[in-house]
Amino acid sequence: MIGTVVTGSSFYHLISYVLEDKKDLSEKQKREMSLRDGVQHKDRAEILAFNNCFGDKYEMAEQFRDVARLSKRVEKPAFHLSIRLAEGDHLTKDQLIELGEALVKEFNVADHQYLMVFHKDTHEQHFHIVVNRVGLDGKAASDSNSYRRMAAFCRKQEQKLDLTQVLSPKAFLPKDQQLIPRQDQRKIKLKDHIRKTLREVNDYPAFEKAMRALGYTVIKGRGISFIDGKKVKIKGSDVGFSLSKIERILSLKKELANKQQTQRNFESLSPKKAGKKMHYTDNDRPQYNSDSPLALGIQNLANLIEWLLQPEMTGNTLPYELTQEAYDRKQKRKKRRQSH
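Rules of the game
- Residues numbered from 1 in each chain as written.
- Predicted model: local features only at pLDDT ≥ 70, side-chain atom pairs only at ≥ 80, totals over all residues.
- Heavy atoms only, no water.
- Pairing = 2+ DSSP bridges.
- Helix = DSSP H or I, 4+ residues; strand = E, 2+ residues; numbered from the N terminus.
- Axes fitted to C-alpha atoms, helices over the stretch in contact; angles between N-to-C directions.
- Contact = heavy atoms within 4.5 Å.
- Phe/Tyr/Trp six-rings, centres within 6.5 Å; stacked < 30°, edge-to-face > 60°.
- Buried < 20%, exposed > 50% of the residue type's maximum accessible area, 1.4 Å probe, protein only.
- Lys NZ or Arg CZ within 6 Å of the ring centre and 35° of its normal.
- Core = buried A, V, L, I, M, F, W, Y, C linked by side-chain atoms within 4.5 Å.
- pLDDT = per-residue confidence, 0-100.

1. Looking at the sheet that holds strand E4 (residues 45-51)
- Taken in spatial order, the five strands of this open sheet run E1-E5-E7-E6-E4, and their pairing is antiparallel. Single-partner strands in this sheet number two, and they are strand E1 (2-8) and E4. Sheet twist, expressed as the average angle between the axes of neighbouring strands with direction ignored, equals 15°.
- The sheet contact formed by strand E5 (residues 78-84) and strand E7 (residues 126-132) spans seven bridges and is antiparallel. Counterpart to Phe79 in the pairing with E7 is Val131.
- Along the sheet face, helix H5 (residues 146-161) touches E1 and E5 and points at about 155° away from the line of E1.

Structural data, given as structure tokens:
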């Protein structure tokens, strides 16, 4: 789960936001967004719990302001706490209420005015809590280290409720854990999709079409970027697949296909001269036993393409043995041996 904490000065705008439908959405969009678990929900917002407040948004905002005036020191008395569950996680209504009540206790505002509202406009369950930092006794709840406290609360509740474990921001981790490199699952997923697509296609238009089918918006300019379904933009170079590398792989695949077709034609026309035919390993990479220059060239191209597709590769430099120069030198040495 992901928790956020915001302090502000306006109770009215905050209460309006959590209680009302989004004004920029059409009625059709509202119906579509509120359809969850196969059940049509009437409204975007549902009140889960409230404490020491009542009435419509105007009345509640005035009640919050009246209490906030008990403290002249607090300039931002509006506390906005929110929790969003990870994709795939689900809690019952009672569990959500218990989670919200545990949250206000964590921030020492359980006896303050608060309004807890569940929103139904996203696939992931989430709720908001409007809290008055100023209590009925005129004392204000502290907002120091609020992000750290929220992160710690979320990790604790994930374990308690058997929910997906989400990484806390590095700044809120112990110093020894801050040094551990993280795996960005979004980038890992994109990298896997690019690699899988490059194995399946042989030209750029087919590559872009396949990536769009996987839910990505592809932006091609001097470089290449991908926008996923969550509207997160990631550069291809950030996952080891720059535009130049993608184009190079596709160019090599086209060259490989041409050479393989030439090899097949040669074998069909002159089986005896073609040498031993290729066989396939478990990972479907062609292996050639022939010593002909064509077969060796095919094998080198296949090795080079596979090397470029490896996950650890993020640059364009090659091992010397896979370069054209190394191949040419190998052929010259072979000819010299045959001539003696």
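Now that the structure has been shown, we can carry on.
2. Describing the packing of aromatic side chains
- Tallied over the full model, the rule gives six aromatic pairs.
- Aromatic pair Tyr12 and Tyr58: ring centres 5.5 Å apart, planes at 25°, arrangement stacked. A residue pair is termed long-range when its members are at least 10 positions apart, and Tyr12 in helix H1 (residues 11-19) and Tyr58 in helix H3 (residues 57-68) qualify at 46 residues.
- On the basis of relative accessible area, Tyr12 is assigned to the partly exposed category, the value being 24%.
- Ring geometry for Tyr216 and Phe226: centres 6.4 Å apart, planes at 80°, overall edge-to-face. With Tyr216 in the loop between helix H8 (204-213) and strand E8 (217-220) and Phe226 in strand E9 (residues 224-227), the pair connects residues that are 10 residues apart, well separated along the chain.
- Tyr216 sits in the buried class, given a relative accessible area of 8%.
- Each member of the aromatic cluster is reached from another via a ring pair, and the members are Tyr204, Phe207, Tyr216 and Phe226.
- The ring of Tyr204 is capped by Lys220, whose NZ or CZ atom sits 4.1 Å from the centre of that ring.
- In this structure, Lys245 packs its charged tip against the face of Phe241, placed 5.0 Å from the ring centre.

3. Brief notes about unusual backbone geometry
- Here Asn52, not a glycine, exhibits a phi torsion of approximately 55°, which is positive.
- Mapped onto the elements of the fold, Asn52 is located in the loop between E4 and H3.
- According to the relative accessible area criterion, Asn52 is partly exposed, its value standing at 38%.
- A positive phi angle, close to 60°, is found at Asp162, a residue other than glycine.
- Along the polypeptide, Asp162 turns up in the loop between H5 and helix H6 (175-178).
- For Asp162, a relative accessible area of 70% corresponds to the exposed category.

4. Details of the nonpolar core
- Of all hydrophobic cores here, the largest spans 28 residues; its most connected members are Ile194, Leu198, Phe207 and Phe226.
- Those elements that place two or more of their residues in this core are helix H7 (185-200), H8, E9, helix H9 (243-269) and helix H10 (293-308).
- For this core, the element with the most residues is H10, which contributes seven residues.
- Discounting residues that sit within four places of it in the chain, Phe226 has contacts with Leu190, Ile194, Phe207, Met211, Tyr216, Thr217, Val218, Val232, Lys233, Ile234, Gly236 and Ile246.
- Of all hydrophobic cores here, the second largest spans 27 residues; its members include Val5, Leu48, Phe79 and Leu81.

5. Looking at the confidence of the model for the protein
- With 75% of its residues at a pLDDT of 70 or more, the protein shows a mean pLDDT of 80.
- Within the protein, the element-level pLDDT minimum falls on strand E3 (residues 39-40), averaging 40, and the maximum on helix H4 (residues 93-106), averaging 96.
- Across residues 273-289 the pLDDT falls below 50, and counting only partners more than four positions away or on other chains, this stretch makes 33 contacts in the model.
- Scored below 50 in pLDDT, residues 313-318 shows 17 contacts in the model against residues more than four places distant or in partner chains.

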